[in-house]
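Fold and geometry: a report
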Amino acid sequence: MKAMVLEKTAPVNTNPLRLQDVNRPEPAKGQVLLKIISTGVCRSNLHMVEGDWLHDGVPSKFPIIPGHEIIGEISELGEGVNWLKKGDKVGIQPLWTTCGRCEYCLTGRENLCPHKEVSGETLDGGYAEYMLGDAMHVYPIPRGVDPELSAPLFCPGVTAYRAVKRSELSPGKTAYVMGIGGVGHVVVQIAKLTGSRVVAVSTGKEHSELAYESGADDVLNPGMDYDKLGDHVKKADSVIVFSPNQKAIDAASRLVKPGGNIVLGVHGGMNRINFVDEIQIRGSVIGPRSDMYSVLDLASQGKIKIHSTRYRLSEANDVLNLLKNGKIKGRAVLVP
Ligand SMILES: [Zn+2]
Ligand SMILES: [Zn+2]
């Protein structure tokens, strides 16, 4: 099969991914083989390919095939998998598998499982024609969900859903969403479903358009100058941050009002919080299976739409370059 393989991390403008012929994997007991229909291109993939996360042990092996938001059709079933069948369309999220036994797995928070395997980071992912899935962690694609455009439901979708859930929004509250990319434009849509007023904070013109298209009530465009927050200071019940930028996180601490919360979906430090404001700071990372099913349910009802653009699998390096330069509106998907 063809795959875009990473042998060594390097800046994306040097084309670190190579289109190669590799052996098609065989599903072991409890696994399925997917013929991939589409794979989303995530900023996490960019970080991994460029070596930003080597110090955290990501990827955990070389060579590796990146890609962690995938929809495919089951082409082979491993031993013991009798609840799925060939031809079923299913998705795989970053959480490729979990141990099923730890305190997190047993309480529906398996996204925190310390023994998890991560698609495209600890094992081969979706920048390929085929990929293995753990049958306990693949999700049937419901009616009304386009398998070629909806692979990003499996990372931005579930990530956005959980971040909004952790923000505890409700009618009459105000949410500020920072960063209107692949995840942010879905956060806006899901935050609107809570009945809250949603203000998007974006740096680019195209991203601002996407924020309005996604239902934002207002778009605050501070350019690269997060000091110009004006009247918006202390107006947010919740600030949800998906802008990969320390300045955005610092701005979040000024936007949130006393008693409010900040939900962080990116790496960064919180250093401007005063205890007398009782601000709550929460991380949010992908989501457990229950959240993933909720996302698919919303998508099948037409309540979440991913703004996706198709590229060919062989264009993965170019797409990562575009993403790095802020030139992807919504999400790019690779189609083998
Ligand atoms: Zn992702
Ligand atoms: Zn576990």
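Residues numbered from 1 in each chain as written. Chains lettered and ligands numbered in written order. Predicted model: local features only at pLDDT ≥ 70, side-chain atom pairs only at ≥ 80, totals over all residues. Heavy atoms only, no water.

What follows covers the side chain of Asn111. Position of Asn111 relative to the elements: it lies in the loop between β6 (95-97) and β7 (117-118). Take Asn111: its relative accessible area is 3%, and that puts it in the buried class. At 3.0 Å, the side chain of Asn111 forms a polar contact with the backbone oxygen of Val285. Aside from chain neighbours lying at most four places away, what touches Asn111 is Leu95, Lys116, Arg162, Val285, Ile286, Gly287 and Pro288. (Helix = DSSP H or I, 4+ residues; strand = E, 2+ residues; numbered from the N terminus. Buried < 20%, exposed > 50% of the residue type's maximum accessible area, 1.4 Å probe, protein only. Polar contact = N/O pair within 3.5 Å; in protein donor to acceptor, adjacent residues only side chain to side chain. Contact = heavy atoms within 4.5 Å.)

In this section: the coordination of the zinc ion (ligand 1). The protein atoms donating to the zinc ion (ligand 1) are Cys42 (SG), His68 (NE2) and Cys155 (SG), with metal-donor distances spanning 2.0 to 2.2 Å. Mapped onto the sequence, the residues coordinating the zinc ion (ligand 1) show the spacing C-x25-H-x86-C. Placement of Cys42 in the loop between β3 (31-41) and α1 (43-50) and of Cys155 in the loop between β9 (139-140) and α2 (156-167) is noted, with a sequence separation of 113 residues between them. The burial state of Cys42 is the same as that of Cys155; both residues are buried. (Donors = N, O, S within 2.8 Å, 3.2 Å for Na, K, Ca; no water.)

Another point: the sheet that holds strand β10 (residues 174-178). Judged by pairing direction, the sheet is parallel, and its six strands sit side by side in the order β12-β11-β10-β13-β14-β15 without closing on themselves. The strands lining the two open edges of the sheet, one partner per strand, are β12 (218-220) and β15 (280-283). Shown here is a sheet whose adjacent strand axes are inclined to one another by a mean of 20 degrees, direction ignored. Here helix α5 (residues 246-255) sits on the sheet in contact with β10, β11 (197-201), β13 (236-241) and β14 (256-264), set at roughly 150 degrees to β14. (Pairing = 2+ DSSP bridges. Axes fitted to C-alpha atoms, helices over the stretch in contact; angles between N-to-C directions.)

The full count for this structure, using the stated rule, is 19 salt bridges. A salt bridge links Glu209 to Lys329, with the nearest nitrogen and oxygen atoms 3.8 Å apart. Residue Glu209 is found in helix α4 (residues 205-213), and its partner Lys329 is found in the loop between α7 (316-324) and β17 (331-335); the two are separated by 120 residues along the sequence. Put simply, Lys205, Glu209, Glu213 and Lys329 are held in one network by salt bridges that share partners. (Salt bridge = Lys/Arg side-chain N within 4 Å of Asp/Glu carboxyl O.)

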